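Next come the chains, spelled out residue by residue.
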Amino acid sequence: MESTDKRTAASTPASESALLRPSAAASAKYSALDLVLRVLLLAASVSAVVVMATSKQTERVPVPGFPPIFTVSNSAEFNNSPAFIYFMAALSLTGLYSIITTLASISVSRKAKTVLLVFALLDVVFVGIVASATGASGAVAYIGLRGNSHVRWNKICNVYDKFCRHIGSAVALSLLAGVVLVFLSMISTFTLYKRIR
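Residues numbered from 1 in each chain as written. Predicted model: local features only at pLDDT ≥ 70, side-chain atom pairs only at ≥ 80, totals over all residues. Heavy atoms only, no water.

Chemist: So what about the pattern of salt bridges? Which residues, and what values?
Modeler: Overall, the coordinates contain three salt bridges when judged by the stated rule. Arg38 is paired through a salt bridge with Asp123; the nearest N and O atoms lie 3.0 Å apart. Placement of Arg38 in helix α2 (residues 24-53) and of Asp123 in helix α4 (residues 113-146) is noted, with a sequence separation of 85 residues between them. We note a salt bridge from Arg165 to Asp161, for which the minimum N-O separation is 3.7 Å. Here Arg165 pairs with Asp161, and both are found in helix α5 (residues 161-196), just four residues apart, close to one helical turn. By relative accessible area, Arg165 is classed as exposed at 53%. Relative accessible area serves as the criterion here: at 38%, Asp161 is assigned to the partly exposed category. (Salt bridge = Lys/Arg side-chain N within 4 Å of Asp/Glu carboxyl O. Helix = DSSP H or I, 4+ residues; strand = E, 2+ residues; numbered from the N terminus. Buried < 20%, exposed > 50% of the residue type's maximum accessible area, 1.4 Å probe, protein only.)

Chemist: I'd like a description of the nonpolar core, backed by residues and values.
Modeler: Membership of the largest hydrophobic core comes to 29 residues, with the highest contact counts inside it found for Met52, Phe87, Leu91, Phe163 and Leu181. At the level of secondary structure, the elements contributing two or more residues to this core comprise α2, α3 (82-107), α4 and α5. The element that contributes the greatest number of residues to this core is α5, accounting for ten residues. Aside from chain neighbours lying at most four places away, what touches Leu91 is Ser45, Ala48, Val49, Ala133, Ser174 and Ala177. (Core = buried A, V, L, I, M, F, W, Y, C linked by side-chain atoms within 4.5 Å. Contact = heavy atoms within 4.5 Å.)

Chemist: So what's going on with the packing of aromatic side chains? Which residues, and what values?
Modeler: A full pass over the atoms with the stated rule returns two aromatic pairs. Note on Tyr97 and Phe126: the rings are 4.2 Å apart at their centroids and 10° apart in plane angle, and the pair reads as stacked. Remark: Phe126 occurs in helix α4 and Tyr97 occurs in helix α3; sequence separation between them is 29 residues. In terms of burial, Tyr97 and Phe126 fall into one category: buried. (Phe/Tyr/Trp six-rings, centres within 6.5 Å; stacked < 30°, edge-to-face > 60°.)

Below, the structure is given as structure tokens:
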């Protein structure tokens, strides 16, 4: 009876360590998922930048203080708002980051703990960058859609409807990029955890 207990007790730590070590198949799944998510991040961030960059609309608007027959041509474009300019810079940088990390995922061995650590840290940094850009742009877009009667900011989406649709689509795409970055951060952290454990 004792010999059986000793054998079971001795074999338990070895079997536990075998279970804790990531298998080659599990590692390949994480690497493939990481690569797919990085390509999706590239698509979402570049699409958001393109949609925001093409969000120009020119309309004739009445001149305040004059009869409605007096109108002037006025255009709405993304570079009229600092929040949208920041959005363009942040999502362009995220697109560049996704290109670099996609190429690094393909060429560098995922077994290197240093690469996993750098990916995990940078993914978290870019989650913050994309979230702040999405929040700032979303707030400005909401004011354009609804206005703010307390400070007498009029809504503009009733005049510049195409512009607002572009802005809304770009914000939605950047939200998708943010969610993808959260998943990438989770995968990088989990893979690193499995490697060092």
